[in-house]
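Descriptive structure summary
Residues per chain are reported as follows:
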Amino acid sequence: MTVPTPAAATPTLHRAWAADLDPATLYALLALRTAIFVVEQECPYQELDGRDLEPRTRHHWLADGGTVVATLRLLADPGGVLRIGRVCTRADARGRGLGHRLMDSVLAEVGDRPCVLDAQEVQEPFYARHGFVPAGERFVEDGIPHVPMERRRS
């Protein structure tokens, strides 16, 4: 007899300004990003770039119980342009549409304002599904090919 596996719970969506993050949540967001971008991708670089605590930085994340399973941040660049970055999902939570859910959340907040990101080249189709198009010369950062992208307004 086979015991049915319960469906994965739907993670809860959260968002907060940098100043409103409690230390434990900030630690969990940074730990996930480091696990993905530094450890998993074998890319030693300074993941903490000083922008996470800027007053106009907004963090979005999904938590399954008390565990952060996906995150991204929205930055305010000079000139009124918004920048999405540090988009990642835990390896064991991938394939569930969590990244798309986060992108939908952040883009609802962005609205019609100009928005850019630097995509890892392999993720270009992911961002294209959310209206982003290449917007400049491709470049290599920390050994990983990237493409600057901007969101096309409809």
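Within every chain, residues take consecutive numbers counted from 1 along the sequence as written. In view of the model being predicted, local features appear only for residues whose pLDDT reaches at least 70, and side-chain atom pairs are presented and counted only at 80 or more, with totals across whole chains, interfaces and linings using the full set of residues. Just so you know, side-chain values use all the structure's heavy atoms and leave hydrogens and water out.

With respect to the environment of Met103
The line we're drawing: Only DSSP runs of H or I reaching four residues or more are called helices, and only runs of E reaching two or more are called strands; each is numbered from the N terminus. What makes two residues a contact is simply this: any of their non-hydrogen atoms within 4.5 Å.
Of note, Met103 is situated in helix 2 (residues 98-110). Separated by 76 residues in sequence, Met103 and Tyr27 have C-alpha atoms that sit 22 Å apart. In this structure Met103 touches Leu72, Ile84, Leu117, Phe126, Tyr127, His130 and Phe132, once residues within four positions along its chain are discounted.

Considerations on the packing of aromatic side chains
This is how the line gets drawn: Two rings belonging to Phe, Tyr or Trp (six-membered ring only in the last case) form a pair when the distance between their centres is within 6.5 Å. Interplanar angles under 30 degrees mark stacking, angles over 60 mark edge-to-face geometry, and anything in between is tilted. The cut-offs for exposure are 20% and 50% of the maximum accessible area for each residue type, with area from a 1.4 Å probe on protein chains only; residues under the lower value are buried, those over the upper are exposed, and the others partly exposed. Only lysine NZ and arginine CZ atoms are considered, and such an atom sits over a ring when it is within 6 Å of the ring centre and within 35 degrees of the ring normal.
Taken as a whole and judged by the stated rule, the model has two aromatic pairs. Between Tyr127 and Phe132, the ring centres sit 6.4 Å apart and the planes meet at 80°, which makes this aromatic pair edge-to-face. Residue classification places Phe132 among the buried positions, given a relative accessible area of 2%. Against the face of Trp17 rests Arg58, its NZ or CZ located 4.3 Å from the ring centre.

Examining the nonpolar core
As a reminder of what qualifies: Throughout this description, the term nonpolar core refers to a set of buried Ala, Val, Leu, Ile, Met, Phe, Trp, Tyr and Cys residues connected via side-chain atoms within 4.5 Å.
The biggest cluster of nonpolar side chains holds 24 residues, and the ones touching the most others in it are Ile84, Met103, Leu107, Leu117, Tyr127 and Phe132. Breaking this core down by element, the ones donating at least two residues are strand 3 (67-76), strand 4 (82-89), helix 2, strand 5 (115-120), helix 3 (124-128) and strand 8 (144-151). Of the residues forming this core, the biggest block, six residues, is contributed by helix 2. Setting aside residues up to four positions removed in sequence, Ile84 forms contacts with Leu72, Arg73, Leu74, Met103, Val106, Leu107, Cys115, Val116, Leu117 and Phe132. Judged by nonpolar contacts, the second largest core, of twelve residues, contains Ala16, Leu26, Leu29 and Val68.

Some remarks on the pairing of strand 5
In plain terms, the rule: A pair of strands counts as paired when DSSP detects no fewer than two bridges linking them.
For strand 5, a buried count of five out of six residues is recorded, marking the element as mostly surrounded by other parts of the structure. As paired elements, strand 4 and strand 5 share two bridges and run parallel to each other. Looking at the pairing, Arg83 lines up with Val116 of strand 5. The pairing of strand 5 with strand 8 spans five bridges and is antiparallel. Bridge assignment links Gln120 to a residue of strand 8, and that residue is His146.

Observations concerning helix 1 (residues 23-40)
Cut-off, in case you're wondering: To estimate the expected span of a helix, count its residues, drop one, and scale the result by 1.5 Å. The definition of a polar contact used here is a pair of N or O atoms within 3.5 Å, where within protein one atom must be able to donate a hydrogen and the other to accept one, and adjacent residues in sequence count solely through side-chain atom pairs.
Over its 18 residues, helix 1 extends 24 Å from the first C-alpha to the last, a length consistent with the 26 Å expected when each residue adds 1.5 Å. Within helix 1, the full set of buried residues consists of Thr25, Leu26, Leu29, Leu30, Leu32, Arg33, Ile36 and Phe37. Elements in contact with the buried residues of helix 1: strand 2 (58-64), strand 3, strand 4 and strand 5. Where helix 1 begins, the capping side chain belongs to Asp22, and its oxygen is found 3.1 Å from the backbone nitrogen of Ala24. With its phi angle positive at about 50°, Glu42 sits one or two positions after the end of helix 1.

No statement about biological role is implied by the geometric values presented.
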